[in-house]
Structures are given as structure tokens and as C-alpha cells.
Amino acid sequence: MNLLSSRSVLSNFRVAHGRAQNRGFRLSRGFTLLELMIVISMLLILISIAVPQYQTNLRKARESVLRQNLFTLRSVISQYTLDKQKAPQSLDDLVQAGYLKIIPRDPVTNQANWNVEEQESTIMSPDEQDQGGIDDVHSASTAISTDGTAYNTW
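Residues numbered from 1 in each chain as written. Predicted model: local features only at pLDDT ≥ 70, side-chain atom pairs only at ≥ 80, totals over all residues. Heavy atoms only, no water.

We now examine the pairing of strand β4 (residues 133–138). Most of β4 sits inside the fold, with five of its six residues counted as buried. As defined by bridge partners, strand β1 (residues 115–119) adjoins β4 across five bridges and the pair is classed as antiparallel. What sits directly across from E118, in β4, is I134. (Buried < 20%, exposed > 50% of the residue type's maximum accessible area, 1.4 Å probe, protein only. Helix = DSSP H or I, 4+ residues; strand = E, 2+ residues; numbered from the N terminus. Pairing = 2+ DSSP bridges.)

What follows covers helix α2 (residues 33–84). Here α2 contains 52 residues, and its C-alpha end-to-end distance of 74 Å stays within 8% of the 76 Å for a straight helix at 1.5 Å per residue. Those residues of α2 that sit buried are E63, L66, N69, L70, L73, V76, I77 and Y80. Residues of α2 that are buried make contact with α3 (91–96) and β4. Phi turns positive one or two residues past the end of α2, at Q85, with a value near 65°. (Expected span 1.5 Å × (residues − 1). Contact = heavy atoms within 4.5 Å.)

The next point concerns the pattern of salt bridges. For the coordinates displayed, the defined rule picks out two salt bridges. Two residues, R59 and E63, come together in a salt bridge whose shortest N-O distance is 4.0 Å. Of the two residues, R59 and E63 are both situated in helix α2; the distance of four residues between them amounts to about one turn of the helix. With a closest N to O distance of 2.6 Å, D136 and R74 form a salt bridge. On the criterion of sequence distance, the pair formed by D136 in strand β4 and R74 in helix α2 is long-range, its members being 62 residues apart. (Salt bridge = Lys/Arg side-chain N within 4 Å of Asp/Glu carboxyl O.)

Time to look at the confidence of the model for the chain. Where the model shows low pLDDT, its predicted coordinates should not be examined in detail. For the chain, mean pLDDT is 84; residues scoring 70 or higher make up 75% of the total. The element-level mean pLDDT for the chain is lowest in strand β3 (residues 128–129), coming to 50, with α2 highest at 95. (pLDDT = per-residue confidence, 0-100.)

Look at Q85: it is not a glycine, yet its phi comes out positive at around 65°. Examined against the element boundaries, Q85 turns out to sit in the loop between α2 and α3. The residue N110 is not glycine, and still its phi comes out positive at about 60°. Examined against the element boundaries, N110 turns out to sit in the loop between α3 and β1. By relative accessible area, which is 48% here, N110 ends up partly exposed.

Ranked by internal contacts, the top residues of the largest apolar core, which has 15 residues, are L91, L94, W114 and V137. Counting only elements with at least two residues in this core, the list comes to α2, α3 and β4. Residue contributions to this core peak at six residues, all from α2. When neighbours within four sequence positions are excluded, L91 is seen to be in contact with L73, I77, I103, W114, V116, I134 and V137. (Core = buried A, V, L, I, M, F, W, Y, C linked by side-chain atoms within 4.5 Å.)

Here it is as C-alpha cells:
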């Protein structure tokens, strides 16, 4: 057998073998309905675990932002009261005096609608009268937090 004939036998074998592999590949292309249903059910199980966890984390993040906003507002009210020797009459006074750029939003209600606690107005002297003002702030939401207390009691 010469070299040329052995090459042609080898190339014929490769072509025939390639065709057989292609036929087998064509028959196994795609997924069966059972395989698709198994994959979809596994995805649904994973999603059913992930969504409640995501919602819990989102709620805890909002609560953290609420705590920070309340801390900031209370701190600024205290600074304003010490600097001006009187409490602010509204939250807008804090913005106008430059203590805040804007009134922060309540992350639970997604609005800047805070419940404010007013100081009792007291008469300090006959010619000087304390006008009262904001003493404390709370969330306007009546929803219950993850620790079981209402947001408006924080």
C-alpha cells in the first residue's frame, strides 16, 4: 500500500466518522419538556427563597435610614436651639438658617412629612417670651417595624 492510498482511506474514515457524529448530534439537539420543567421548578424554588430575603433586607435598610434621619434632625434641632437660644418654629427654619440643605425624606412614607413635637411655650420674663417651637421629630408612618414597635414612636 502506498502513501497516497493510505491517506485517502484515512480521509474517507474521517468523513464517514464525522457524518455519524453529526447525525447523533442532530438527534440529541434541544431539551425535552421534562428537562425544561425540572430547570424551571428549580429556578422557582430559588426565587421563592431569595425574594422574602430581599424584602427583609430592604425593610431593614429603610429602618436604618430612618434612624439616621431622625438622629440628624434631632441633632440639628438641638444645635439650632443652642445657637439661636430658641427652638425652631418649623423644619423649614432649619433649612433657611443653613443647618440643613433640604429636609430629609422619611424612607417609610417616602415623603418629607415628619410629625413634630412642640415645646410648651413658657413666659421667661415680662418683656421676653419664649414662643415654643419644635422639640422632637418622629416618623409619620404608623407601620410596625421589625422589632415590633411603631415607626412613629422612634
